[in-house]
Amino acid sequence: MTPRVYLPGETAIHDWRHPLVPGLSKLQWQHHFIELPTFTFVGPFFVPGPRLCSHSTWKQGISCSKDTECELGDTDLEMANKNRRGLAKADLVMAHISGPISTQTMNDLDFALAQDKRVVLSITKGASELGISDICSRAHRVHQTEEQGLKSDFEFEVLDIRAALLYGDA
């Protein structure tokens, strides 16, 4: 069984998700989930482009100013629904925290915890001093990591949730 993984957080062109989800930066948010050999990426999706235009906080990208708003034709509600469906289907929710946690990231983590999802945090040294003890105490596991350790932390968690799903411990 391939676990479904949601990776909350603010998105950027070269953010931490792209090395973990090959091809993510080229996909428009309208695409279906991304099937990979060891897991299925279920979100969040965003609007790719040179500016990662967002139009609202639900888009999880960089906001446009009104005079430069792009013409993609999608709606905030469609984007919010896609990301919420992905989060609701997730077997593993893993967040990489290297700075202050945004409201949207905290909402995603709270939603996942309320749904009894397996929530794992990967926290860099500087971020561990930001008063995030509440979310850490509620998480399934917390990795104190360096930036280069994120991929191995993530791979460990995917294998662990895969075993839990296969043997009924999820």
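Residues numbered from 1 in each chain as written. Predicted model: local features only at pLDDT ≥ 70, side-chain atom pairs only at ≥ 80, totals over all residues. Heavy atoms only, no water.

Caption draft 1: Representation of the sheet that holds strand 1 (residues 4-6) within the structure. Read from one edge to the other, the open sheet built from 6 strands follows the order 2-3-1-4-5-6, with strand pairing classed as mixed. The sheet is open, and its two borders are formed by strand 2 (34-35) and strand 6 (141-145), each paired with just one other strand. Two strands pair when backbone bridges link them, and strand 5 (residues 118-124) and strand 6 are joined in this way by 5 bridges, in the parallel orientation. Paired with Leu121 across the two strands is Val142, which belongs to strand 6. Helix 2 (residues 103-114) contacts strand 1, strand 4 (92-97) and strand 5 of the sheet and is inclined by roughly 145° relative to strand 5. (Pairing = 2+ DSSP bridges. Helix = DSSP H or I, 4+ residues; strand = E, 2+ residues; numbered from the N terminus. Contact = heavy atoms within 4.5 Å. Axes fitted to C-alpha atoms, helices over the stretch in contact; angles between N-to-C directions.)

Caption draft 2: Region of the structure containing the pattern of salt bridges. Counted according to the given criterion, the structure contains 8 salt bridges. Here Asp91 makes a salt bridge to Arg4, at a shortest N to O gap of 3.1 Å. Here Arg4 lies in strand 1 and Asp91 lies in the loop between helix 1 (76-89) and strand 4, a separation of 87 residues in the sequence. Its salt-bridge partner being Arg138, residue Asp110 comes within 3.2 Å of it at the nearest N-O pair. (Salt bridge = Lys/Arg side-chain N within 4 Å of Asp/Glu carboxyl O.)

Caption draft 3: Representation of the packing of aromatic side chains. By the definition in use, this model includes 1 aromatic pair. Summarising the aromatic geometry, the rings of Phe39 and Phe154 are spaced 5.0 Å apart at their centres and angled 80° between planes, so their arrangement reads as edge-to-face. Residue Phe39 is located in the loop between strand 2 and strand 3 (40-43), and its partner Phe154 is located in helix 4 (residues 150-167); the two are separated by 115 residues in the primary sequence. With relative accessibility at 4%, the residue Phe39 sits in the buried group. The class for Phe154 is buried, based on a relative accessible area of 3%. Here Arg84 stacks its cationic end above the ring of Phe111, 4.8 Å away from the centre of that ring. (Phe/Tyr/Trp six-rings, centres within 6.5 Å; stacked < 30°, edge-to-face > 60°. Buried < 20%, exposed > 50% of the residue type's maximum accessible area, 1.4 Å probe, protein only. Lys NZ or Arg CZ within 6 Å of the ring centre and 35° of its normal.)

Caption draft 4: Looking closely at the pairing of strand 5. Summarising burial for strand 5: 7 of the 7 residues are buried, a large majority. Residues Arg118, Val120, Ser122 and Thr124 of strand 5 are buried on one face, and the alternating residues Val119, Leu121 and Ile123, pointing to the opposite face, are buried as well. In this structure, strand 4 lies alongside strand 5, joined through 6 bridges in parallel fashion. Residue Leu92 lies in a different strand from strand 5, and its bridge partner there is Arg118. Regarding topology, helix 2 serves as the crossover connection from strand 4 to the parallel strand 5, and that connection is right-handed. (Right-handed = clockwise from strand over helix to strand, strands pointing away.)

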